[in-house]
Amino acid sequence: MQQQIEFAIHPCERPRQWNRIGEVSCRRQAKAGPSVLILGDHACKYGSLSQASRRSQKSAWKLMTKATVDVGPLMSETRQPLALPQDEKVGVLLLNLGGPDSLEDVQPFLFNLFSDPDIIRLPRLFRFLQKPLAEFISAARAPKSAEGYASIGGGSPLRRITEEQARALQKSLETKHLPATVYVGMRYWHPFTEEAIEQIKKDRITRLVVLPLYPQFSISTSGSSLRLLESIFRSDEYLVNMQHTVIPSWYQREGYVKAMASLIEKEFSKFPNPEDVHIFFSAHGVPVAYVEEAGDPYKAEMEECVDLIMSELRSRGVKNVHSLAYQSRVGPVEWLKPYTDVKIKELGQNGIKSLLAVPISFVSEHIETLEEIDMEYKELALESGIVHWGRVPALNCDSTFITDLADAVIEALPYVGAMAVSNLEARQALVPLGSVGELLATYDTQRRELPAPVAVWEWGWTKSAETWNGRVAMLAVLVLLVLEIASGKGLLHQWGILPS
């Protein structure tokens with residue numbers, strides 16, 4: 001029997017700066033009228049924009065999120081084994097950042113990272129300096145970064161953990177009667193995405209589900225990986241013809257939310273007074289301009305993710321206070337606030353004695369959890385007057401988490417090769433699916449160049465001054481690089497960073 005789930009709102013009723021896919025689909029939906037999506041044993045029905053617009057954006061998004069979370073168990077209970085033709089071969093590509101395997105790998109890894117135009121966004125006029133600038137920054141940062149990696153064993157554990165997650169996911173899919181091969185593609189280090197794609201071609205995969213291991217979408221993480229994937233797909237005839245779909249974010253899935261809540265709840269037992277523990281979510285930061293001017297949905301998705309986890313904890317009787325901050329900022333420009341280090345000091349000054357750090361944008365242990373949080377922020381917390389410190393472990397191969405990823409893959413398969421943009425808004429309700437090209441093309445329809453965020457100069461320690469100071473500093477660095485490259489003389493040549 002079909003289960004019909006009524007949605008009285010439309011995905012595009014999120015606040016304006018949220019996912020641009022919803023905004024573009026919104027206009028199409030208004031013209032097309034109601035649409036119905038059949039997913040397994042479910043019919044998900046959407047009203048037109050005129051019906052949805054009667055509700056406020058805030059209440060509409062909360063309603064949509066609740067519906068998104070609530071349908072998870074129903075689908076798991078009623079799903080039948082997926083029948084595929086005998087000649088079909090299913091692949092799953094896990095995308096992640098990557099990390100240096102040894103101390104010798106640190107500088108080339110950093111060079112790859114800072115060469116990415118989605119990480120360091122130069123004005124179009126100066127983009128020819130992307131690699132020289134990456135060389136300069138990576139050389140300057142490598143010694144300190146190497147110290148960090150040395151403190152956690154001499155390299156990043158990210159590759160090992162991601163490969164363990166791939167094996168666990170493949171096993172979980174097998175138990176759900178879906179034979180599939182799971183591949184790992186890293187953005188900035190081995191195994192590179194290009195290496196994974198070559199193996200996918202050798203294995204003659206016919207259906208591919210692309211799953212970035214970033215719960216929330218951002219230009220600088222999932223967006224960067226998908227842009228690389230798009231360029232690879234366009235240049236290869238086999239890949240152009242291969243059916244595929246992408247799950248660009250999945251922070252709202254019930255299994256993920258429950259797994260995070262369970263990890264947090266478990267850590268309470270390690271504190272003398274669990275009811276006094278302040279739950280401190282720490283997420284990787286991004287520049288403010290990405291969110292405010294380029295339309296990156298990361299901040300909105302992160303805040304919604306924290307709300308969902310806290311709602312789950314509240315349902316379990318947890319009443320603790322929580323806060324969210326952003327870590328790992330780089331360079332002179334303004335990043336999302338509050339900053340993690342500043343917030344920790346503030347909490348200590350306000351008399352908080354028990355703090356439980358929750359790395360919210362990471363699903364695997366790596367340097368930002370093992371060194372930045374466990375060492376730097378713990379030391380800062382104790383210096384700031386916090387007496388009891390704890391940290392929630394990353395999900396890694398948590399069984400609830402892996403099972404939920406397997407469910408996401410299975411739910412995505414009906415859309416492999418059926419990527420009509422007219423149905424894009426419907427696919428967003430359970431898993432926001434789309435092909436690589438469509439997701440990026442739709443997102444970029446509304447994306448603009450990053451202009452200066454203020455039109456006038458403001459003196460003093462203000463947001464405007466901080467932004468302009470960063471832009472002036474970046475311009476000064478670019479000018480110095482141009483002069484040094486043109487003259488063949490300077491500090492970079494003396495230090496051996498640039499060839500003489």
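Just so we're clear, the structure is a prediction, and the values are computed from it rather than from any experiment. (Residues numbered from 1 in each chain as written. Predicted model: local features only at pLDDT ≥ 70, side-chain atom pairs only at ≥ 80, totals over all residues. Heavy atoms only, no water.)

**Notes on the overall build of the protein**
Cut-off, in case you're wondering: Numbering of helices and strands runs from the N terminus; a helix is a DSSP stretch of H or I covering at least four residues, while a strand is a stretch of E covering at least two. Relative accessible area decides the class of each residue, using a 1.4 Å probe on protein chains only: under 20% of the type maximum gives buried, over 50% gives exposed, and in between gives partly exposed. Should any heavy atoms of two residues lie within 4.5 Å, those residues are counted as being in contact.
Helix and strand counts for the protein stand at 19 helices and 11 strands. Counting over 500 residues, the protein shows a buried share of 56%. Considering only intrachain contacts with a sequence separation of at least 6, the fraction spanning at least 24 residues in the protein is 79%.

**Examining the pairing of strand 5 (residues 180-186)**
What counts here: Two strands are said to pair when DSSP picks up at least two bridges between them.
Here strand 5 lies mainly inside the structure; six of its seven residues are buried. Of the pairings in the sheet, the one linking strand 4 (residues 90-96) to strand 5 comprises seven bridges and is parallel in character. Residue leucine 93 lies in a different strand from strand 5, and its bridge partner there is tyrosine 183.

**As for the pattern of salt bridges**
What counts, and what does not: Counted as salt bridges are all cases of a side-chain nitrogen of Lys or Arg within 4 Å of a carboxyl oxygen of Asp or Glu.
All told, the structure shown has 23 salt bridges when counted by the stated rule. Residue glutamate 164 is joined to arginine 160 by a salt bridge in which the shortest nitrogen-to-oxygen separation is 3.4 Å. Pair noted here: glutamate 164 and arginine 160 are both in helix 6 (residues 158-175), with a separation of four residues, about one helical turn. A relative accessible area of 27% places glutamate 164 in the partly exposed class.

**Considering the sheet that holds strand 10 (residues 354-359)**
Note the threshold: Axis definition: a line fitted to C-alpha atoms, over the contacting stretch in the case of helices. Angles run 0 to 180 degrees between N-to-C directions.
Strands sit in the order 9-8-10-11 across an open sheet of four strands; the sheet is parallel. Of all strands in the sheet, those bounded by a partner on one side alone are strand 9 (322-327) and strand 11 (388-391). Averaged over all pairs of adjacent strands, the angle between their axes in this sheet comes to 25°, without regard to strand direction. Both strand 8 (residues 278-284) and strand 10 contribute to a ladder of five bridges, which runs parallel. Across the sheet, the residue bridging to serine 282 is proline 359, located in strand 10. Across the sheet, helix 14 (residues 367-383) is in contact with strand 8, strand 9, strand 10 and strand 11; its angle to strand 11 comes to roughly 170°.

**Quick notes on helix 7 (residues 193-202)**
Using the following cut-off: The arc under discussion is defined with respect to the helix axis, by the directions toward the C-beta atoms.
Those residues of helix 7 that sit buried are Thr193, Ala196, Ile197, Ile200 and Lys201. Along the axis of helix 7, the buried positions cluster into a sector of 140°, meaning they face one direction only. Looking at the buried residues of helix 7, the elements they touch are strand 4, strand 5, strand 6 (207-212), helix 8 (219-234) and helix 9 (237-241). Arginine 204 sits one or two positions beyond helix 7 and adopts a positive phi of about 55°.

**Quick word on the packing of helix 5 (residues 130-151) against helix 14**
Relative placement of two packed helices is described by the angle separating their axes and the distance separating the axes. Quick note on the threshold: The scheme is simple: roughly parallel for angles under 35 degrees, roughly antiparallel for over 145, roughly perpendicular for 65 to 115, oblique for anything else.
Remark: helix 5 packs on helix 14, axes separated minimally by 9 Å, with the N-to-C direction vectors making an angle of 90°. With respect to helix 14, the axis of helix 5 lies roughly perpendicular. Across the interface between the two elements, Ser145, Gly148, Tyr149 and Ser151 from helix 5 touch Ile367, Glu371 and Met375 from helix 14.

**What to know about the environment of leucine 122**
With respect to the secondary-structure elements, leucine 122 resides in the loop between helix 4 (106-114) and helix 5. As for leucine 122 and leucine 133, which are separated by 11 residues in sequence, their C-alpha atoms are 9.9 Å apart.

**So, the nonpolar core**
Formally: We define a nonpolar core as any set of buried Ala, Val, Leu, Ile, Met, Phe, Trp, Tyr and Cys residues linked to one another through side-chain atoms lying within 4.5 Å.
By size, the foremost hydrophobic cluster in this structure holds 65 residues, and its most contacted members are Leu173, Tyr256, Ile264, Phe281 and Ile360. If we skip the residues at most four places from it in the chain, isoleucine 360 touches Gln216, Tyr256, Met260, Phe281, Ser282, Ala283, Met302, Cys305, Val306, Ile309 and Leu324.

**Things to note about the side chain of lysine 343**
Considering the arrangement of structural elements, one finds lysine 343 in helix 13 (residues 340-349). For lysine 343, a relative accessible area of 15% translates into the label buried.

**Structural notes on helix 14**
What counts, and what does not: In this scheme, the bend at a residue equals the angle between the axes fitted to the seven residues that finish there and the seven that begin there.
Isoleucine 373 marks the point of greatest bend in helix 14, at about 35°. Among all positions in helix 14, only Ile367, Glu368, Thr369, Glu371, Glu372, Ile373, Tyr377, Leu380 and Ala381 are buried. In this structure, the buried residues of helix 14 make contact with helix 5, strand 8, strand 9, helix 13, strand 10 and strand 11. Glycine 385 sits one or two residues past helix 14 and shows a positive phi near 105°.

**Quick notes on the sheet that holds strand 5**
The parallel open sheet is built from four strands, whose spatial order is 5-4-6-7. Because the sheet does not close on itself, it has two edges, and the strands there are strand 5 and strand 7 (243-246). Averaged over all pairs of adjacent strands, the angle between their axes in this sheet comes to 20°, without regard to strand direction. On the sheet, helix 15 (residues 399-412) packs against strand 4, strand 6 and strand 7 and is oriented at approximately 135° with respect to strand 6.

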